[in-house]
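Residues per chain are reported as follows:
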Amino acid sequence: MRYNNKTLLSLSAAALCVGMISSASAATLDEVKERGELRCGVNVGLSGFSSPDQDGTWQGLDVETCRGIAAAIFDDPEAVSFTPLTAKERFTALQSGEIDVLSRNTTWTATRDNSLGLNFTATTFYDGQGFMVAKDLGIEGPEQFDGASICIQSGTTHELNLADYFPSRGIDIQTVTFDTPDQTAQGFASGRCDILTSDTSQLSALRLQLPEPGSVEILETLISKEPLGPVVRQGDDQWLDIVKWSVFAMVNAEELGVNSDNVDEMKADPPNPQVARLLGVDGDYGEQLGLANDWAYQLIAHVGNYGEVFASTVGEDSPMQISRGVNALWNEGGILYAPPVR
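Just so it is clear, the structure is predicted and the values come from calculations on it, not from any experiment.

Cut-offs applied
Residues numbered from 1 in each chain as written. Predicted model: local features only at pLDDT ≥ 70, side-chain atom pairs only at ≥ 80, totals over all residues. Heavy atoms only, no water. Buried < 20%, exposed > 50% of the residue type's maximum accessible area, 1.4 Å probe, protein only. Helix = DSSP H or I, 4+ residues; strand = E, 2+ residues; numbered from the N terminus. Pairing = 2+ DSSP bridges. Disulfide = S-S within 2.5 Å. 1 Å grid on protein atoms, 1.4 Å probe; cavity = no way out; pocket = protein on both sides within 12 Å on 5 of 7 lines; lining within 4 Å. Points joined across faces, edges and corners; volume = space filled by probe spheres on them. Nonpolar A, V, L, I, M, F, W, Y, C, P; charged D, E, K, R; others polar. Domains from an automatic or database assignment. Axes fitted to C-alpha atoms, helices over the stretch in contact; angles between N-to-C directions. Parallel < 35°, antiparallel > 145°, perpendicular 65-115°, else oblique. Contact = heavy atoms within 4.5 Å. Core = buried A, V, L, I, M, F, W, Y, C linked by side-chain atoms within 4.5 Å. Left-handed = near helix turned anticlockwise from the far one by under 90°. Buried area = accessible area lost by both parts, 1.4 Å probe. Salt bridge = Lys/Arg side-chain N within 4 Å of Asp/Glu carboxyl O. Polar contact = N/O pair within 3.5 Å; in protein donor to acceptor, adjacent residues only side chain to side chain.

A short note on the pairing of strand E8 (residues 129–134)
Across a regular strand the side chains alternate sides, sitting on one face of the sheet and then on the other. Counting buried residues along E8, five of its six residues qualify, which places the element largely inside the surrounding structure. Two strands pair when backbone bridges link them, and E8 and strand E11 (residues 195–199) are joined in this way by five bridges, in the antiparallel orientation. By the bridge assignment, Gly130 is partnered in E11 with Ser198.

This is the structure we're talking about:
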């Protein structure tokens, strides 16, 4: 094959682009390793997902996701710092490089994924927008909301969902906006609105903050799909893979019966090839990510599988008591599914 000057220039440009992409793709991991910790953006305070306990230690499903990523990289779940962010602040903090990953009950949408210079990685919680009302109002569904006022957090997809849902049904509502979830709950409790709307997971958390949690109920009707999960910057494919496969490892571990209690035994004597690959006994899947081959073992040993994290943060072992529902594994009645390690 003959190469003219134009061909050579094209090949040189392509090689340069590949080199630039390869360099960019390693940037975040290199920076995190050099810094010695992962920087994770979380909610300013949402029970079950990200909130500090009485000792100031961050807890919750989104928090444990970041600890899992840190464990995969450093073999240390505490090699992470948490930056509390409001809904308005979260994307700017990620775009500017203030944080490495945003793990903050953030809904995956086309606009956010395609126009902000960001990439959603994997879904850690399938949610939907619902409503919380006082039981004594006798409201059974949104069709009874005509003339009602609704407390809502600004800068969220919930505002758009209300605009999509109610006008098309001829239902007139008034919105009362607040900057943080706590403020919306306080506004609802003080009577500034009749109804509080948010993701149902968030409503479950906010209900616990009310003076009389038993006096309110969360209606069954959902008006949206809200897939929540970690977000990273675009242009860094290696980092995107590390974050999403950290989530996938937790899900695969639950499906394969690997948990924080038996992971050492499973690694020493894998019961099947799938477990051997997951825990780094067979293959070079960690090296493909730029991590140690036993990265998933490190993650599960320190943090646990998805089912363990769900139960302790928002599920049966937590004050939230949220059922698995659609967040159960695909072979247990839910839609939770991860690609295989192969």
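Looking at the state of the cysteines
Two cysteines form a disulfide when their sulfur atoms are joined by a covalent bond. Taken as a whole and assessed by the stated rule, the structure comprises two disulfides. Here Cys40 connects covalently by a disulfide to Cys66, the sulfurs 1.9 Å from one another. Linking Cys40 and Cys66, the disulfide has an S-S dihedral of approximately 60° and is accordingly described as right-handed. Of this pair, Cys40 sits in strand E1 (residues 38–43) while Cys66 is found in helix H2 (residues 61–74), placing the two residues 26 residues apart along the sequence. When its relative accessible area of 0% is taken as the criterion, Cys66 is described as buried. The disulfide that involves Cys151 links it to Cys193, with 1.9 Å between the sulfurs. Between Cys151 and Cys193, the S-S dihedral sits near -110°, and the bridge is therefore left-handed. Of this pair, Cys151 sits in strand E9 (residues 149–153) while Cys193 sits in the loop between helix H6 (181–189) and E11, and the two are 42 residues apart along the sequence. By relative accessible area, which is 5% here, Cys193 ends up buried. Each bonded cysteine of the chain gets a number by its place in the sequence, and the pairs then read 1-2, 3-4.

Examining empty space enclosed by the protein
Taken as a whole and judged by the stated rule, the model has three cavities of 30 Å³ or more. One number sums up the size of the largest cavity: a volume of about 100 Å³. Around the largest cavity, the lining is made up of 15 residues, and of these Arg90, Asn105, Thr156, His158 and Asp199 lie nearest the centre. For the lining of the largest cavity, the residue count by class is two nonpolar, nine polar and four charged.

Looking at the layout of surface pockets
Its boundaries defined by the atoms lining it, the largest pocket holds a volume of some 470 Å³. Going through the elements one at a time, strand E7 (125–127), helix H7 (200–207) and strand E13 (226–228) are the ones with two or more residues in the lining of the largest pocket. It is H7 that provides the largest number of residues to the lining of the largest pocket, a total of four residues. Tallied by class, residues from the lining of the largest pocket come to eight nonpolar, eight polar and six charged. Composition of the lining of the largest pocket by domain shows at least three residues from each of domain 1 (30–126 + 228–327) and domain 2 (128–224).

Let's talk about unusual backbone geometry
A positive phi angle, near 60°, is found at Asp75, a position not held by glycine. Counting through the fold element by element, Asp75 comes out in the loop between H2 and strand E4 (80–85). We classify Asp75 as partly exposed; its relative accessible area is 40%. A positive phi angle, close to 55°, is found at Gln321, a residue other than glycine. If you trace the backbone, Gln321 turns up in the segment after helix H13 (306–313).

Thoughts on the packing of helix H8 (residues 237–255) against H13
Closest axis-to-axis distance for the H8/H13 pair is 7 Å, and the angle between their directions is 100°. It follows that H8 is roughly perpendicular to H13 by the angle criterion. Side by side, H8 and H13 meet where Met250, Val251 and Glu254 of the first sit next to Tyr306, Gly307 and Val309 of the second. Its residues placed into classes, the contact of H8 with H13 shows four nonpolar, one polar and one charged.

Points about the nonpolar core
Core analysis: the biggest nonpolar cluster contains 59 residues, and Phe125, Trp239 and Leu279 have the highest contact counts within it. Broken down by element, this core gets its largest block of residues, eleven residues, from H8. If you look at the next biggest cluster of nonpolar residues, it comprises 15 residues, including Phe166, Ile171, Ile173 and Ile223.

What about the packing of H2 against helix H12 (residues 295–302)?
Any two packed helices are characterised by the angle at which their axes cross and by the distance between the axes. Orientation of H2 relative to H12, taken along the N-to-C sense of each, is 135°, at an axis distance of 7 Å. Between H2 and H12, the crossing angle belongs to the class labelled oblique. Judged by the sense of rotation from one axis to the other, the crossing of H2 with H12 is right-handed. When H2 is examined against H12, the residues Gly68, Ala71 and Ala72 are found in contact with a partner set consisting of Trp295, Gln298, Leu299 and His302. In terms of residue class, the contact of H2 with H12 is built from four nonpolar, three polar and no charged.

Notes on the side chain of Asn252
Here Asn252 is to be found in helix H8. Ignoring any residue separated from it by four or fewer positions in sequence, one finds Asn252 in contact with Trp245, Leu278, Ala338, Pro339, Pro340 and Val341.

Digging into the domain arrangement of the chain
Looking at the chain, the domain boundaries give domain 1 (30–126 + 228–327) and domain 2 (128–224). Taking the mean C-alpha position of each, domain 1 and domain 2 sit 29 Å from one another. A combined buried area of about 1,300 Å² lies between domain 1 and domain 2, and 58% of that area is made up of carbon and sulfur atoms. When the buried area of domain 1 at its contact with domain 2 is split by residue, Leu46, Lys88 and Met320 rank highest and sum to 29% of it. In this structure, Lys88 and Asp179 form a salt bridge, with 3.5 Å as the shortest nitrogen-oxygen distance. Seen at the junction of domain 1 and domain 2, the total is two residue pairs in polar contact (both at pLDDT 80 or more). Among the residues forming the side of domain 1 that touches domain 2, the class breakdown is eight nonpolar, seven polar and four charged.

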